[in-house]
Every structure is written in structure tokens, then in C-alpha cells.
Amino acid sequence: MQTLVAYVENKPGVLNRVASLARRLAINIDSLTVGPTENEEIARMTIVAHTDERGAHRLEASLEKLVDVLLAENISTRALLERDLALIKVAADQQNRPHLMELIKVFRARVVDVAPESLIIEVSGTVDKIDGLLEVLRPFGVLEMARTGRIAMTRGGDLLQPPLADGERTALETAGSSAK
Amino acid sequence: MKLTGAEILCEALTRLGVREIFGYPGGAILPVYDALGKSKLRHVLVRHEQGATHMADGYARASGGIGVAMATSGPGATNMVTGIATAMLDSSPVVCITGQVSSKVLGSDAFQEVDITGITMPITKHNVVVTRAEDVARTIREAFVIAKSGRPGPVLVDITKDAQQASTEFAWDACVPKLPPKRLRNNHDQAEFDRAVELLNTAKRPVVLAGHGIMVSGAICAFEQFIRAGNYPVAMTLLGIGCFPAKDPLNLGMMGMHGEAWVNNAIQEADLLIAVGMRFDDRVTGDLRTYAKNARKIHIEIDRAEINKNVKVDVALVGDARAVLENLTPHIETRDHSAWIRHINELKGDSAVRDIQSLPDTGHLYAAHVINDLWKETRGEAIVVTDVGQHQMWEAQYYHHNRPRTLITSGGLGTMGFALPAGIGAKFAKPDSEVWVVVGDGGFQMTMSELATIVQEKLNVKIAIINNGYLGMVRQWQEFFYDKRYVATPLVAPDFVTLANAFGIRSECITTRAEVTPGIRAAREANETVLIDFRVEQEDSVYPMVPAGASLHDMIRRPHNPLVETASDA
Ligand SMILES: Cc1cc2nc3c(=O)[nH]c(=O)nc-3n(C[C@H](O)[C@H](O)[C@H](O)COP(=O)(O)OP(=O)(O)OC[C@H]3O[C@@H](n4cnc5c(N)ncnc54)[C@H](O)[C@@H]3O)c2cc1C
Ligand SMILES: Cc1ncc(C[n+]2csc(CCOP(=O)(O)OP(=O)(O)O)c2C)c(N)n1
Ligand SMILES: [Mg+2]
């Protein structure tokens, strides 16, 4: 599994281009999330792909060839913070409710909706954590689930910022050599 | 100044230096055609939109500039798909302009509506829909920048009919390209560069693999200086042919599936490969597990996505070939490779004996003879545009090109039907050059309707049909790998001479070797298009051949006595 971050133009069709590219390269996408950034013209994507390092390099370099992609970077080997968010609707009756509440506490999840026959649980964290919670919830009966897919960020001073609007447009024109 | 979107388009194309547009009209692009009529642009009416894209492609490859093709929405646009993919695979800068239904009905399955940007997304470098007249000029300028920059490729601009019709204030200076900012990558660090220099200066058996990127980069001089500095033997890809003179003793010839045996063997024995602007296509490498196992590899390449894609390299110098070579050359110290070059010459061994040129004349007319005579007669100076198949490979082997952009051929997609329209495009790009279209009897029948375009435009293009009565390249595979079961490869053709005459084109049929040179001479002297139907040996094969997936050194060689009797002898 490889994790990539991309900054893209925030306009229609870009998601399609990114997805179409991965399909063309025969790279399976496990999760792809898009959200706005501080700059409303730029969106940030986190792409988690079923591929090896070589495939990730190809995907990264090919993504950056798309006109609407400002930057793409494989961050798999860097110190990362990864988060996934899930809403899980589980069956809950009067009897098992206390047991459920305990599990929820252990996983630092929250109950965000209560109905006579069910609860909605909100949980965020690493994929493993959410998978772990799901596992223990399953015996109660998971009625519905929605997950966001992963977002990721490199830790500490390791910054990954979109390139400046005015600066280096010529990169597209040259991609020139830097040596000497 | 208030102009319509259509007028703005013509104005922008003119300002961008476009002279010819290859296209075909229809409802959704009519406003543009009306504006074209009032402009100084020359419109070349093709007979099929595929032809328009190949013409634009041929124009781009011959000139080094950008070719422009135009079509209407729906079927006009979909007919362009093959030509766009052809340009994409060979990194050719083509701008395609299509009409689209009005923006108000987009998405409603309107008459002749097709999602051409969706269809062409994976086969264009970029594409875009324009729905406002205000955006026409900027978008076209952006399309030109994108098509030509970095690794070139086709760009499609789909303009809705209302955007063509609407009027808006037009000021050229106000519509500068506004492309998204890109990160400047630090392409290779000093350590990598130093490592390349070290490899170059310690190699005992270096071979340079020269590709199409040298042409694209305009690195012809820088490349020659690099080769001279290190005295490196040069092997070329099909699309690299012309980047270094064939007559130079350091030029070994073409590599790969139908490359010369000594070239492939030299690559397999090399201790250093320096790949410049080439992408290690599978036709070039054969089985990757056994490819150049003794060699370290340096890859000079503008597209990061090509690095380690097929062949894992030791040093990658990502950047423009010209810039990288200019940086490298001053650091080259070792230049005595005479023993190695002597060895490669020995590898040529019996190749000369096996060469069809050395065989006694038995009255058979071989395609190789035709190509070789064409080369001699034109002194290697013509622009040759080939189609796809056996004749394409024989051209690569027997026509020796000394100048860049004189061989134009579809390499990556291998598109039959390419040659005739691409040849027309090349003639527009280089009206003073002699252009020869070398095409198989199969491929010619795919786009032969463009003969009418030649006549309508009063062009002078020479056409050599290498007529073997077969889809020859496929027949060869059937001969080698399917026990000569020639399923669907024998091919009936019209009488090409009569056909040409019907178009008003002068034509001749040649069946013996003695007629070849006089026929070529007469064609060259004629100040008009001439088509020659060369009836060549039907069951000849291209040698050597590395079977698909085999190791590069496992070549099928021309049998020592190939003059086996053929059906016509019996
Ligand atoms: C029937 C048939 C048989 C064939 N047999 C053979 C064969 O025997 N041998 C053979 O060689 N080919 C053969 N081919 C062609 C083959 O399929 C490929 O098209 C060809 O090898 C590609 O050559 P290339 O890598 O030089 O060019 P391209 O595919 O055009 O690649 C050019 C490379 O240069 C890079 N580049 C572009 N601009 C620059 C720049 N400014 N600076 C640096 N790099 C740049 C690009 O990114 C790209 O990687 C055959 C094709 C057909 C149809
Ligand atoms: C559009 C298209 N269809 C099919 C092929 C597969 N193909 C490759 S070579 C070839 C035979 C070409 O025959 P011809 O044009 O007569 O040339 P020859 O090989 O006989 O010189 C075919 C069918 C192709 N390359 N392009
Ligand atoms: Mg044929």
C-alpha cells in the first residue's frame, strides 16, 4: 500500500483525470479523498494505492504530468499521521447498550445519534483502529457504515505545501537539468 | 475590438504562427469555418478526420512545430481518435479543435453530441471544453504551450457552438496563458551527475541508445559533440533514426526487434548503456530479464515517469536532453574505445553475407531492393514517411537517413493508414523537400481516399506502394509462429495504377529490379504527384527478428539461402 498526496486545481473534471490515470496505469486505488485547502482554488488529495514503490513512483510522476496537478508526492516512507473517519450504525437494544458504551469508550469513539433500536457511532483514527472497533461491533449487528477514506500528513517540520501561484510556472516548460 | 469566438479562434491561430489547418466541416464547427473563410489561414480539406490528425502529426514531425487539425462534433470528433492516440504514443505536438453542441444542451444527447473530452482523456496530454467566447484565445494559447512543452503531446480543445457564435471584446495581450503553477523539481543532484560522469569515464564497452527525444529536444549538435567527445558507438530506436548521420562510422544502426544483429549483440555485451531521449519500448528491449545484463545504465530523459518504468537504471538524469548533454560533454575524459568498436565491427560477421542486397539477382523483386534504390537515387536526402508493417522495417534498415526529421513513422501505436496523410502534412511543412510516402498495400487501402486531398491541394508527393499482396508483417508472424496458416492476411487490392488515374494521379506499376531506378528517376523528375505500385516478392520476411518476449540476442536470422522457390516459380 502506498500513500500519495496531491495538490490539484479545484475545478470540475480533475478528480476524473486522476482516477482515469490510475486506471490507465492499472493501479488499484484503495482510497481517494479530496478536500479544499486554505486556497480555494486548490484542493488536496490523499491517494492510497495498492501498488509497490515502483508503481507509486510512476503514479506520482504521471500525476504531476497532468496539467491540473500542481504537485504529487509519495509520502509512504515518511513519518506520517493518517486518519480515517467512520460513522457506524449498530443495532442496540436495552440489554446490550451498556456493553456497547463501554467498548465505545475503550476505542475513544463517540455516540452521535441514539434511536430506540440503534446507535450511530463516530470514530476517527488510523485504519487499524477503526477496523478494530468494527470487529468488536460486528457481533452486535452493523447496520450501516460510511467511511471517509484516509487523509494523511507528514509530521513535524516536513512540509508539503502547494507551489506558489506566480512563481515557477516555467517548470512546465523546461523541466531542465539542475546540475552545473 | 469586438469579435465572435470563431473569429477570435482564427485570429489566435494566425498569431500563433499557424498557416495550415487540416480539417473537415460540419454543423457544430460551421461558425469557425465561416470565420476561416475570412482569415488568411489555409484550410486543407481532408477526406476523413483521421487523415486530418495524421496530417497535423506529419506536419509537426517534419517541421518541429505544432500541427493543427479540426473537426465537427460527434462523428467528426470520434474519427480523430486514432490520430490523436498515434500522436500521443509518439509524443507529437498536435492541437485538435473540435466543434461541440451548444453549452445549453451539453449533456442532453443532443444531435451529434459526444463527450470527446471524456473519450480522449487517456490519449491526450490535456483536453478542455470551452463554453465562452472570452476563453477561446487564452485556451488556444495554453493548448499550444502544453502541446510543445516538456514531453510534447496532443491537446484537444472542444469549443461549443455558442462560444463560437458569441461576441466579446478581444485583446490579445489580455489573454495570456494562465496555467496552474507547478513545482520546480530538483531533477537530479550533483551526486547523481558525478556518478554519471564516473560511469562514462570508466566504461570499457559503452553503447549510446539514441531516441526520438534528441529530435524533440533540438539536441542534434549537443548529441554529436557528446558522441565525438567519448567516441561512443550509437544505436538508434526507430524514432531516433536521423538524430545522428547514418553514414558516420560510429552509427551502428537500429536496435530492437528488427534491429541489426550486431547492434543487438553489442547492447547485450555492453558494460554501459547511455540512453538518451528513448523510453525502452518492449520492441527495443525484448525480454527484460535478459536485457543488457552486463551493463550499467544511464537514462537521460525529460519525463520522470519513464525512469525505471521498463528497465531499471543506475543513474537517471532527468531533464532536457540538450541541457544534460551539454553539461556532461566537458567532463568526458575517456575516449579510446577502438578495441570495442573493432569488436562490434567483427560482430557484423556474416550479416553482410546474409544481406539480401548481396544475393545474386534471380529476377525476384525484393522490397529491400526498392528501398535501397530509392535511398541511392534520393541520396538519402528525401523525407520518407512510412506506414506500418514489413515495408516500414525495410525502410528503417535500407534507407540511410543523415538528417533529423527525415523519417516520419508511427512507432508506438503502429497505426496503419498513417503514411499517406502524414506525408501530406510533411509536404505542407516542407514544401521544398522531396517527400516519399512508402506504404504497404494493406495500409494504403486504409486511407487512400486522401489521394483526393493531394489532387485538390495540387501537391507533389511521391508514393511508393510496396505491394506484396499480403498484410505482410502479420503473415510473417503466421509463417514463424502459426505454421504458415495465413488466415486473413492474403489481400486483394484494386489495380493501384487505374485507381490513381481515376484520381487524376500519374502512376506506374513496376515488377522487375531493372525498372526500379528508372521508375524512381522518372517520378522524381515529374513536377507532380506520382504513385508507383511496386510488385514485390510476396513471402519475404524481415530479418533479423527478435520474437515477441524473447531475449534481444535470440534473433531469427535470414536463412543463408533465402531464395527458396515461391509459388510463382513452381
Ligand atoms: C511493426 C513495428 C516494429 C517496430 N520495431 C522496432 C524495432 O525493431 N526497433 C525500435 O527501436 N523500434 C521499433 N518499433 C517502434 C517502437 O514501437 C517505439 O515506437 C520506438 O522504439 C520508440 O522510440 P523512442 O523511445 O526513441 O521514441 P518515443 O517513444 O517517442 O519516446 C521518446 C522519449 O524521449 C523523451 N523525451 C521527449 N522529449 C525529450 C527531451 N526534450 N529531452 C529528453 N527526453 C525527451 C520522452 O519522454 C520519451 O521517453 C517498431 C514499431 C512497429 C510499428
Ligand atoms: C490500424 C491497424 N490495424 C491492424 C494493424 C496490425 N498490423 C500490423 S502490420 C500489418 C500488416 C500491414 O500490411 P501492409 O500494409 O500490406 O504492409 P506490409 O507488412 O505487407 O509491408 C497489420 C495488419 C495495425 N498495425 N494497424
Ligand atoms: Mg502488404
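Residues numbered from 1 in each chain as written. Chains lettered and ligands numbered in written order. Predicted model: local features only at pLDDT ≥ 70, side-chain atom pairs only at ≥ 80, totals over all residues. Heavy atoms only, no water.

Caption draft 1: Examining the domain arrangement of chain B more closely. Residues and elements named next belong to chain B. Segmentation of chain B into domains returns domain 1 (2–174), domain 2 (190–347) and domain 3 (356–565). Here the C-alpha centre of domain 3 lies 29 Å away from the C-alpha centre of domain 2. With 30 residues of domain 2 in contact, the opposing surface of domain 3 contributes 29 residues. The largest share of the area that domain 2 buries against domain 3 comes from Leu238, Met257 and His258, three residues that together contribute 28% of it. (Domains from an automatic or database assignment. Contact = heavy atoms within 4.5 Å. Buried area = accessible area lost by both parts, 1.4 Å probe.)

Caption draft 2: Region of interest: the coordination of the magnesium ion (ligand 3). Residue and element names in this part refer to chain B. In the first shell of the magnesium ion (ligand 3), the protein supplies Asp441 (OD), Asn468 (OD1) and Tyr470 (O), at 2.0 to 2.1 Å from the metal. Counting gaps between the donor residues of the magnesium ion (ligand 3) yields the pattern D-x26-N-x1-Y. A residue pair is termed long-range when its members are at least 10 positions apart, and Asp441 in helix 20 (residues 441–447) and Tyr470 in the loop between strand 18 (462–467) and helix 22 (472–481) qualify at 29 residues. No difference in accessibility class separates Asp441 from Tyr470, as the two residues are buried. (Donors = N, O, S within 2.8 Å, 3.2 Å for Na, K, Ca; no water. Helix = DSSP H or I, 4+ residues; strand = E, 2+ residues; numbered from the N terminus. Buried < 20%, exposed > 50% of the residue type's maximum accessible area, 1.4 Å probe, protein only.)

Caption draft 3: A look at the pattern of salt bridges. This structure, assessed with the given rule, holds 42 salt bridges over all chains. Note that A:Glu60 and B:Arg304 form a salt bridge whose closest N and O atoms lie 3.0 Å from each other. Of this pair, A:Glu60 sits in helix 2 (residues 53–65) while B:Arg304 sits in the loop between strand 13 (296–301) and strand 14 (315–318), placing the two residues on different chains. We note that A:Glu60, like B:Arg304, is buried. Among the ionic pairs, B:Asp57 bridges to B:Arg61, the shortest N-O distance being 2.6 Å. Linking B:Asp57 with B:Arg61, this pair stays in helix 3 (residues 49–63), spanning 4 residues, or about one helical turn. You can call B:Arg61 buried: its relative accessible area is 8%. Residues joined by salt bridges that share partners form a network here, namely A:Glu60, A:Glu64, A:Glu73, A:Arg78, A:Asp158, B:Arg183 and B:Arg304. (Salt bridge = Lys/Arg side-chain N within 4 Å of Asp/Glu carboxyl O.)

Caption draft 4: Broad picture of the site of ligand 1. Residues and elements named next belong to chain B. The full set close to ligand 1 counts 37 residues, and Thr237, His258, Arg279, Glu301 and Asp320 are the nearest of them. Residue His212 places a side-chain N or O atom 2.8 Å away from an oxygen atom belonging to ligand 1. Residue Gly411 places a main-chain N or O atom 3.1 Å away from an oxygen atom belonging to ligand 1. Burial of ligand 1 by the protein amounts to 97% of the accessible area it has alone, namely 990 Å². Of all the secondary-structure elements, those providing two or more residues to the shell around ligand 1 are helix 10 (212–217), helix 13 (282–285) and helix 18 (390–398). (Near = heavy atom within 4 Å. Polar contact = N/O pair within 3.5 Å; in protein donor to acceptor, adjacent residues only side chain to side chain. Areas by Shrake-Rupley, 256 points an atom, 1.4 Å probe, with all protein chains shown as cover.)

Caption draft 5: Structural detail: helix 1 (residues 14–24) of chain A. Turning to helix 1 of chain A, its buried residues are A:Val14, A:Arg17, A:Val18, A:Ser20, A:Leu21 and A:Ala22. Taken from the residues just after helix 1 of chain A, A:Ala26 is the one with a positive phi, measuring 60°.

Caption draft 6: A look at the packing of aromatic side chains. Residues and elements named next belong to chain B. Overall, the coordinates contain 10 aromatic pairs over all chains when judged by the stated rule. Sitting over the face of the ring of Trp172, Arg141 holds its NZ or CZ atom 3.9 Å from the ring centroid. Lying over the aromatic face of Tyr470, Arg475 brings its terminal NZ or CZ to 5.7 Å of the ring centre. (Phe/Tyr/Trp six-rings, centres within 6.5 Å; stacked < 30°, edge-to-face > 60°. Lys NZ or Arg CZ within 6 Å of the ring centre and 35° of its normal.)

Caption draft 7: Quick look at the confidence of the model for chain A. Taken residue by residue, chain A gives an average pLDDT of 91. The fraction at 70 or more is 92%. When the criterion is pLDDT under 50, residues 167–180 of chain A qualifies, and its contacts beyond four places in sequence or with other chains add up to 40 contacts. (pLDDT = per-residue confidence, 0-100.)

Caption draft 8: Spotlight on the sheet that holds strand 14 of chain B. All names here are of chain B. The parallel open sheet is built from 6 strands, whose spatial order is 11-10-9-12-13-14. Lying at the two open borders of the sheet, with one neighbouring strand each, are strand 11 (251–254) and strand 14. Geometrically, the sheet is characterised by an average inter-axis angle of 15° between neighbouring strands, direction not taken into account. Across 4 bridges, the pairing between strand 13 and strand 14 is parallel. Residue Ile298 lies in a different strand from strand 14, and its bridge partner there is Val315. The strands touched by helix 11 (residues 220–230) are strand 9 (206–210), strand 10 (234–236) and strand 12 (272–276); relative to strand 9, the strand with the most contacts, the crossing angle is about 170°. (Pairing = 2+ DSSP bridges. Axes fitted to C-alpha atoms, helices over the stretch in contact; angles between N-to-C directions.)

Caption draft 9: Highlighting the site of ligand 2. Residues and elements named next belong to chain B. As a matter of local geometry, ligand 2 sits amid 17 residues, with Gln390, Gly414, Asp441, Gly443 and Gly472 nearest to it. Within the backbone of Gln390, one N or O atom sits 2.8 Å away from an oxygen atom of ligand 2. The contact in question runs from a nitrogen atom of ligand 2 to an N or O atom on the backbone of Gly414, over 2.8 Å. The fraction of the free accessible surface of ligand 2 (590 Å²) that becomes covered by protein chains is 77%. Contributing elements (two or more residues each) for the shell around ligand 2: helix 18, helix 20 and helix 22. Per-class residue counts for the shell around ligand 2 are 7 nonpolar, 9 polar and 1 charged. (Nonpolar A, V, L, I, M, F, W, Y, C, P; charged D, E, K, R; others polar.)

Caption draft 10: The sheet that holds strand 3 (residues 42–50) of chain A, seen in detail. Residues and elements named next belong to chain A. Taken together, the 4 strands give an open sheet; going across it, the order is 2-3-1-4, and neighbouring strands pair in antiparallel fashion. Edge positions in the open sheet fall to strand 2 (28–36) and strand 4 (69–74), since each of these has one partner strand only. The average angle at which neighbouring strand axes cross in this sheet is 15°, direction not considered. Here strand 1 (residues 2–9) pairs with strand 4 via 5 bridges, running antiparallel. Along strand 4, the bridge assignment pairs Tyr7 with Leu71.

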